[in-house]
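# Structural description and commentary
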Amino acid sequence: MSIIRSVQVDQPGGPLRLVDREIGEPGFGQARVAIEACGMCHTDAGFVNNMFPGLRFPLTPGHEIAGRVEAVGQGVEAWAPGDRVAVGWFGGHCGYCASCRHGDFIHCQRAQVPGWAYPGGYAEKIIVPANALARVPEGLTAAEAAPMGCAGVSVFNPLRRHARPDDRIAIVGFGGLGHMALQFAVQMGLRTAVVARGKEKEELAYKLGARHYIDSLSEDVAPALQKLGGARVALATAANADVMTATIDGLQTGGVLVVLGAVAEPVRVSPFQVILQSRTVQGHGAGTAVEVEEAMSFAALTGVRPLVEEVPLEEAQTGYERMLANKARFRIVLTTGR
Ligand SMILES: [Zn+2]
Ligand SMILES: [Zn+2]
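Residues numbered from 1 in each chain as written. Chains lettered and ligands numbered in written order. Predicted model: local features only at pLDDT ≥ 70, side-chain atom pairs only at ≥ 80, totals over all residues.

### Things to note about the overall build of the protein
What counts here: Starting at the N terminus, helices and strands are each numbered in turn, a helix being any DSSP run of H or I of at least four residues and a strand any DSSP run of E of at least two. Within these notes, the globule rule equals 2.2 Å times the number of residues to the 0.38 power, and the radius of gyration is based on C-alpha atoms. In this scheme every C-beta is placed from the backbone, and a residue whose C-beta has 20 or more other C-beta atoms within 10 Å is buried, one with 12 or fewer is exposed, and one in between is partly exposed. Residues are scored as being in contact if the C-beta atoms we place from backbone atoms lie within 7 Å.
For the protein, the helix and strand inventory stands at eleven helices and 15 strands. Against the compact-globule benchmark of 20 Å for 338 residues, the protein has a radius of gyration of 20 Å, which places it among compact chains. Per-residue burial for the protein yields a buried fraction of 51% across its 338 residues. Within the protein, contacts between residues at least 6 apart in sequence are counted, and of these 68% link residues at least 24 apart.

### Some remarks on the domain arrangement of the protein
Rules: Annotation comment: domain bounds sourced from an automatic or database domain assignment. Three classes are used, and their members are as follows: Ala, Val, Leu, Ile, Met, Phe, Trp, Tyr, Cys and Pro are nonpolar, Asp, Glu, Lys and Arg are charged, and the others, Gly among them, are polar.
Assigned domains of the protein: these are domain 1 (2-150 + 287-335) and domain 2 (152-283). Each of domain 1 and domain 2 was reduced to a C-alpha centroid, and the two centroids are 27 Å apart. The interface is formed by 22 residues belonging to domain 1 together with 14 residues belonging to domain 2. Looking at which element gives the most residues to the side of domain 1 that touches domain 2, the answer is helix H10 (residues 289-302), with six residues. Taken together, the residues of the side of domain 1 that touches domain 2 break down into twelve nonpolar, eight polar and two charged.

### Here's the deal with helix H11 (residues 316-324)
Helical geometry: 3.6 residues make up each α-helical turn, so side chains three or four residues apart lie on a common side. Put simply, the rule is: Directions are taken from the helix axis to each C-beta atom, and the arc is the one they span.
Within the sequence span of H11, burial applies to Ala316, Gly319, Tyr320 and Met323. One side of H11 carries all its buried residues, which in axial view fall inside an arc of 100°. Against strand S1 (2-9), strand S2 (16-23), strand S14 (308-312) and strand S15 (331-335) lie the buried residues of H11.

### A look at the sheet that holds strand S10 (residues 212-215)
How we decide: Strand pairing is assigned whenever DSSP detects at least two bridges linking the two strands. Axes, fitted as lines to C-alpha atoms, cover a helix only where it is in contact. Angles between the N-to-C directions of the axes lie from 0 to 180 degrees.
The six strands lie next to each other as S10-S9-S8-S11-S12-S13, forming an open sheet whose pairing is parallel. The open sheet terminates on both sides in strands that have one partner only, identified here as S10 and strand S13 (280-283). Between one strand axis and the next, the sheet turns through 20° on average, direction left out of account. Relative to S10, strand S9 (residues 191-196) runs parallel, the two sharing four bridges. Its bridge partner lying in S10, Ala196 is registered against Asp215.

### Section: the packing of helix H4 (residues 151-162) against H10
Convention followed: When an angle is under 35 degrees it counts as roughly parallel; over 145 it counts as roughly antiparallel; between 65 and 115 it counts as roughly perpendicular; any other value is oblique.
Interhelical geometry of H4 versus H10 gives an angle of 85° and a closest axis separation of 9 Å. Between H4 and H10, the crossing angle belongs to the class labelled roughly perpendicular. Contact residues: H4 offers Gly152, Val153, Phe156 and Asn157, while H10 offers Glu291, Val292, Ala295, Phe298 and Ala299. In terms of residue class, the contact of H4 with H10 is built from six nonpolar, two polar and one charged.

### What to know about the packing of H4 against helix H5 (residues 178-187)
Definition in use: Crossing chirality is assigned from the near helix's rotation relative to the far helix, an anticlockwise turn below a right angle marking it left-handed and a clockwise turn marking it right-handed.
Running from N to C, H4 and H5 point in directions that differ by 40°, and their axes come no closer than 9 Å. By the criterion of interaxial angle, the relationship of H4 to H5 is oblique. At the point where H4 passes H5, the crossing takes the right-handed sense. Two secondary-structure elements touch here, H4 through Ala151, Gly152, Val155, Phe156 and Leu159 and H5 through Met180, Ala181, Phe184 and Ala185. Looking at side-chain class alone, the contact of H4 with H5 contains eight nonpolar, one polar and no charged residues.

### A closer look at the nonpolar core
Applied cut-off: Take the buried Ala, Val, Leu, Ile, Met, Phe, Trp, Tyr and Cys residues, join any whose C-beta atoms are within 7 Å, and the set you get is a nonpolar core.
In this structure, Ala86, Ile171 and Ala234 are the most contacted members of the largest nonpolar core, which totals 104 residues. Each of domain 1 (2-150 + 287-335) and domain 2 (152-283) contributes no fewer than three residues to this core. Once you skip the residues sitting within four places of it in the chain, Ala86 turns out to touch Ile65, Ala66, Ala134, Val136, Ala145, Ala146, Met148, Gly149, Val292 and Met296.

Structure (structure tokens):
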């Protein structure tokens with residue numbers, strides 16, 4: 001046993017406070033990772049506020065983790081102390097449920113999300129199943145790698161699945177996910193329109209390679225997209241059901257709205273909107289460890305980088321409030337000083 005500093009939330013809705021707690025040795029199939037950086041994802045608020053089934057308090061959030069393997073348990077192949085690794089939303093799979101037996105690990109029925117199945121990454125160290133580890137390539141710092149485990153892979157995967165070079169796509173919302181989606185899209189050769197509220201982010205969107213910028217406060221989103229030829233793929237990264245609803249008629253024939261912003265409110269879609277145009281509204285959850293690795297590899301190759309604000313672990317509460325107030329530019333990453 002050794003003592004680490006860790007953020008914890010004692011009760012639902014409670015503040016994030018720094019505590020000392022014990023951490024043990026990794027068990028069979030597990031690795032202990034010395035954390036260097038951990039991104040703050042909007043979904044962490046769902047953990048703090050007890051919005052997922054089976055959460056246990058005190059709770060340590062954090063599922064955008066980057067660091068180094070410190071120790072491995074028995075039965076762990078391919079990983080050794082010193083390896084640079086990331087662990088994202090995908091925090092391990094069971095290997096024997098129906099989804100796993102089909103090789104569909106991201107939909108594992110016993111999916112182990114860090115912060116949910118075990119204490120998460122707002123801490124100096126973490127013990128994870130070794131099948132959750134993604135290798136960090138040279139060229140990405142820990143603070144750049146951390147957000148790839150949730151925000152990065154969540155936009156990289158649907159873009160490479162649904163869009164082909166030269167397709168027109170829309171990125172709805174320009175925050176932690178949106179600014180990474182834009183960079184990935186540009187590097188994939190996609191014609192990208194950014195949809196966001198107000199003019200504040202327009203300049204940066206163009207600087208990062210957007211072809212068009214649609215201010216949803218002054219323009220109706222669907223006709224604006226149709227004027228450009230319609231979107232083959234719209235990535236709804238904003239946690240706003242109304243804006244998702246308003247985007248559907250901006251899709252091309254056969255276009256897909258990929259829902260990423262997690263909100264409880266319904267997205268309204270009429271049969272008319274989807275039947276004749278064969279449109280799809282589809283959810284999408286993050287990506288497996290190897291997909292996180294691929295997102296990082298692509299980023300290292302092409303220069304895609306999250307824009308991060310580094311905040312020391314002991315100021316987690318301040319960083320969390322900044323994220324909730326949508327003041328982060330664009331991802332807050334907790335650092336441990338390693
Ligand atoms: Zn997340
Ligand atoms: Zn499983």
